[in-house]
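An overview of the molecular structure
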Amino acid sequence: PLELVERARAAGVDRILEVGASPASWDEVVEFCAELEGLEPILGIHPHDAGDADASDLARLADLPAVAVGETGLDYYRDYAPRDAQRQLFQAHLAVAEELGRPVVIHCRAAELDVARALGDFAGTVVLHCFSSPGLLHPALERGYYVSFAGNVTYPNADDLRAAAREIPAERILAETDTPYLSPQPRRGRPNEPANVVHTVAALAEARGEHPEELAARIDANADEAFGLGGASRSPRARSSASTSSSTRTSSV
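Rules and cut-offs
- Residues numbered from 1 in each chain as written.
- Predicted model: local features only at pLDDT ≥ 70, side-chain atom pairs only at ≥ 80, totals over all residues.
- Heavy atoms only, no water.
- Helix = DSSP H or I, 4+ residues; strand = E, 2+ residues; numbered from the N terminus.
- Buried < 20%, exposed > 50% of the residue type's maximum accessible area, 1.4 Å probe, protein only.
- Contact = heavy atoms within 4.5 Å.
- Lys, Arg positive; Asp, Glu negative; His and termini not counted.
- Charge placed at Lys NZ, Arg CZ, Asp CG, Glu CD.
- Axes fitted to C-alpha atoms, helices over the stretch in contact; angles between N-to-C directions.
- Parallel < 35°, antiparallel > 145°, perpendicular 65-115°, else oblique.
- Pairing = 2+ DSSP bridges.
- Phe/Tyr/Trp six-rings, centres within 6.5 Å; stacked < 30°, edge-to-face > 60°.
- Lys NZ or Arg CZ within 6 Å of the ring centre and 35° of its normal.
- Left-handed = near helix turned anticlockwise from the far one by under 90°.
- Salt bridge = Lys/Arg side-chain N within 4 Å of Asp/Glu carboxyl O.
- Expected span 1.5 Å × (residues − 1).
- Core = buried A, V, L, I, M, F, W, Y, C linked by side-chain atoms within 4.5 Å.

Here's the deal with the overall build of the protein
Along the backbone of the protein there are nine helices and eight strands. Along the longest, intermediate and shortest principal axes, the C-alpha atoms of the protein span 45 × 40 × 35 Å. Here the protein, with 253 residues, has 55% of them falling under the buried criterion. If you take every contact in the protein between residues at least 6 apart in sequence, the share linking residues at least 24 apart comes to 68%. Computed over 23 positive and 39 negative side-chain charges, the inter-centroid distance for the protein is 6 Å.

Following this line, the structure appears as structure tokens:
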């Protein structure tokens, strides 16, 4: 909604990546992003929907202006779709992303081994969305994946995520909100929104022993590189959270 974008801009967030996680939402997401400066679409089919999905719909992505394919991946925690169907749809996403030369945004829950195996032959850019899979840390470091942290890295019991954040090279770290989920600790108990990414960046900076504005500038530059967004100049305040990846549940990053 427009009010969420306005609140994000007031907080210093000048770019939002909006996810269309089902073919039915793609046109709406593309149109919404086209109407507002600083919004870009990411399009795919969520693994939760793999059981009813038609992978041939992914061919439409060639004609849509998405900056990435996704979110895609595997979710063995919820198991809302048969695992074989999830794996087949995941492979279809990877094939399309490779053909189009677009990065993939990866969802992984309780499926680290199979996700790492599937990505082993993928030659493109990988963004691990809402990182909460320590089992993927070693493949991410070894293969040069981008690792994106959401509000759960701010939670008091998330020592493993903060430890992982300390290991990610400066040129590979990202931050996001996963709106409307995983509100950061200062806003916990309320629906998440893009403006809240400033809290996640602050927690990451503290965990890494860095200055928040310097880390924010690095994250912003990483988003430029990962998603091909271009390096338009921004004020330091805007850079503090420009690289958030957000969604409504027409979507899911």
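Overview of the packing of helix α6 (residues 159-167) against helix α7 (residues 197-208)
Contact pair α6 / α7: the axes reach a minimum separation of 9 Å and the direction vectors enclose 70°. In terms of axis orientation, α6 runs roughly perpendicular to α7. Between α6, through Arg 162, Ala 165 and Arg 166, and α7, the contact on the second element is made entirely by Leu 204, Ala 207 and Arg 208.

Topic: the pairing of strand β3 (residues 68-75)
Residues in a regular strand point their side chains to alternate faces of the sheet. Counting buried positions over the eight residues of β3 gives eight, a clear majority of the element. Across two bridges, the pairing between strand β2 (residues 39-43) and β3 is parallel. Residue pairing for β3: Ile 42 is matched across the bridge by Ala 68. Note: β3 against strand β4 (residues 104-109), six bridges, orientation parallel. Looking at β4, one finds that Gly 73 is bridged to His 107.

Considering the packing of aromatic side chains
With the rule as written, the count across this model stands at one aromatic pair. Centre to centre, the rings of Phe 131 and Phe 149 are 5.7 Å apart; their planes meet at 70°, and the pair counts as edge-to-face. Remark: Phe 149 occurs in strand β6 (residues 146-149) and Phe 131 occurs in the loop between β5 (126-128) and α5 (137-143); sequence separation between them is 18 residues. Residue classification places Phe 131 among the buried residues on the basis of a relative accessible area of 2%. The ring of Tyr 76 has Arg 83 sitting right over it, with the charged end atom 4.2 Å from the ring centre.

Some thoughts on the side chain of Gln 86
Tracing the backbone through its elements, the reader meets Gln 86 in helix α3 (residues 83-100). Overall, the relative accessible area of 1% leaves Gln 86 in the buried class. Sequence-distant contacts of Gln 86, that is, excluding residues within four places in its chain, are made with Pro 47, Ala 50, Gly 73, Leu 74, Asp 75, Tyr 76, Asp 79 and Ala 81.

Section: the packing of α3 against helix α4 (residues 112-119)
Where α3 contacts α4, the axes come no closer than 11 Å and their chain directions differ by 35°. As α3 packs across α4, the resulting crossing turns out to be right-handed. For the pair α3 and α4, contact is made by Arg 87, Phe 90, Gln 91 and Leu 94 and by Asp 114, Val 115, Ala 118 and Leu 119, respectively.

So, the pattern of salt bridges
In this structure the tally under the stated criterion is 10 salt bridges. For Glu 193, the salt bridge is made with Arg 7, and the minimal N-O distance between the two is 2.8 Å. Taken together, the positions of Glu 193 in the loop between β7 (173-175) and α7 and Arg 7 in helix α1 (residues 2-11) put the pair 186 residues apart, joining distant regions of the chain. On the basis of relative accessibility, which here comes to 41%, the residue Arg 7 falls in the partly exposed class. Residue Glu 210 is joined to Arg 208 by a salt bridge in which the shortest nitrogen-to-oxygen separation is 2.8 Å. Overall, Arg 208 belongs to the buried group, its relative accessible area being 16%. Each of Asp 84, Arg 87, Asp 114 and Arg 117 takes part in a single network of salt bridges with overlapping partners.

Regarding α3
Helix length check: α3, at 18 residues, gives a terminal C-alpha distance of 26 Å against a target of 26 Å (1.5 Å per residue), a fit within 8%. Those residues of α3 not exposed but buried are Gln 86, Leu 89, Phe 90, Ala 92, His 93, Leu 94, Val 96 and Ala 97. Where α3 is buried, its residues contact β3, β4 and α4. A positive phi of about 70° marks Gly 101, the residue just after α3.

A word on the nonpolar core
By size, the foremost hydrophobic cluster in this structure holds 61 residues, and its most contacted members are Val 115, Leu 119, Leu 128, Phe 131 and Phe 149. Take this core: its biggest share by element is six residues, from α3. Leu 17, Val 67, Ala 223 and Phe 227 belong to the second-largest nonpolar core, a separate cluster that totals 13 residues.

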